[in-house]
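# Residue-level structure breakdown
The lines below spell out each chain.
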Amino acid sequence: MVARIYRPAKPATQSGWAKTRRWVLEMEPKSRKEADPLCGWLGSDDTEQQVQLHFPSKEAAIAYARRRGIEYRLYEPREPIVRPKSYADNFIRRT
C-alpha cells in the first residue's frame, strides 16, 4: 500500500486559494479501472483509492502515514512566481 502526500494546486478556473492550504493523503490505485460490460460504467475493486485524508501540514500527513505503516511518496508543491506589475505598465509604449 503506497500513498501520495501532496498539496493541491489552485484551479485555473478560480481566482481563490481556498482548498490549496491543506495537505492531502490518498492511496495510489492498486488496479486499473475497467468498464462494466452491462452498463458501461467505470469501476474498480480497489476501495482504498476512494479515501482522501486532509491534514493541516505536511508533517502531520507524514506522521499519520508512519504511524499506520503506510509507504508514501511526497510531492512538494511548486510555489508560483509573482512578478510585481503596476497598472501604469499597461500604457507604456514599446516600439
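That block above? That's the structure.
The following refers to the structure shown.

About the criteria used
Residues numbered from 1 in each chain as written. Predicted model: local features only at pLDDT ≥ 70, side-chain atom pairs only at ≥ 80, totals over all residues. Heavy atoms only, no water. Helix = DSSP H or I, 4+ residues; strand = E, 2+ residues; numbered from the N terminus. Rg over C-alpha atoms; globule rule 2.2 N^0.38 Å. Buried < 20%, exposed > 50% of the residue type's maximum accessible area, 1.4 Å probe, protein only. Contact = heavy atoms within 4.5 Å. Areas by Shrake-Rupley, 256 points an atom, 1.4 Å probe, with all protein chains shown as cover. Lys, Arg positive; Asp, Glu negative; His and termini not counted. Charge placed at Lys NZ, Arg CZ, Asp CG, Glu CD. Pairing = 2+ DSSP bridges. Axes fitted to C-alpha atoms, helices over the stretch in contact; angles between N-to-C directions. Phe/Tyr/Trp six-rings, centres within 6.5 Å; stacked < 30°, edge-to-face > 60°. Lys NZ or Arg CZ within 6 Å of the ring centre and 35° of its normal.

Looking now at the overall build of the protein chain. Of regular secondary structure, the protein chain possesses one helix and six strands. Seen in sequence order, the protein chain has helices and strands lined up from the N terminus as β-β-β-β-β-α-β. Against the compact-globule benchmark of 12 Å for 95 residues, the protein chain has a radius of gyration of 20 Å, which places it well outside the compact range. Considering only C-alpha atoms, the protein chain reaches an extent of 60 × 40 × 20 Å along its principal axes. Taken over 95 residues, the protein chain has a buried fraction of 18%. A sequence separation of at least 24 residues applies to 53% of the contacts in the protein chain between residues at least 6 apart. Carbon and sulfur atoms make up 52% of the accessible area of the protein chain, which totals about 8,300 Å². Computed over 19 positive and 12 negative side-chain charges, the inter-centroid distance for the protein chain is 11 Å.

The subject of this paragraph is the sheet that holds strand E1 (residues 2-6). Pairing within the open sheet is mixed, and its four strands lie in the order E5-E2-E1-E6. Only two strands of the sheet have a single neighbouring strand rather than two, namely strand E5 (52-55) and strand E6 (71-75). Each neighbouring strand pair of the sheet contributes to a mean axis angle of 25°, computed without reference to strand direction. Bridging between strand E2 (residues 23-27) and E5 involves four bridges; their strand directions are antiparallel. Within E5, the position partnered with Leu 25 by the bridge is Leu 53. The sheet strands contacting helix H1 (residues 58-68) are E1, E2, E5 and E6, and the helix crosses E6 at an angle near 165°.

Quick look at the packing of aromatic side chains now. According to the stated counting rule, one finds two aromatic pairs in the structure shown. Between Tyr 87 and Phe 91, the ring centres sit 5.3 Å apart and the planes meet at 75°, which makes this aromatic pair edge-to-face. There is no split in this pair, since Tyr 87 and Phe 91 are both exposed. Across the ring face of Trp 17, the terminal group of Lys 10 is positioned such that the distance to the ring centre comes to 5.7 Å.

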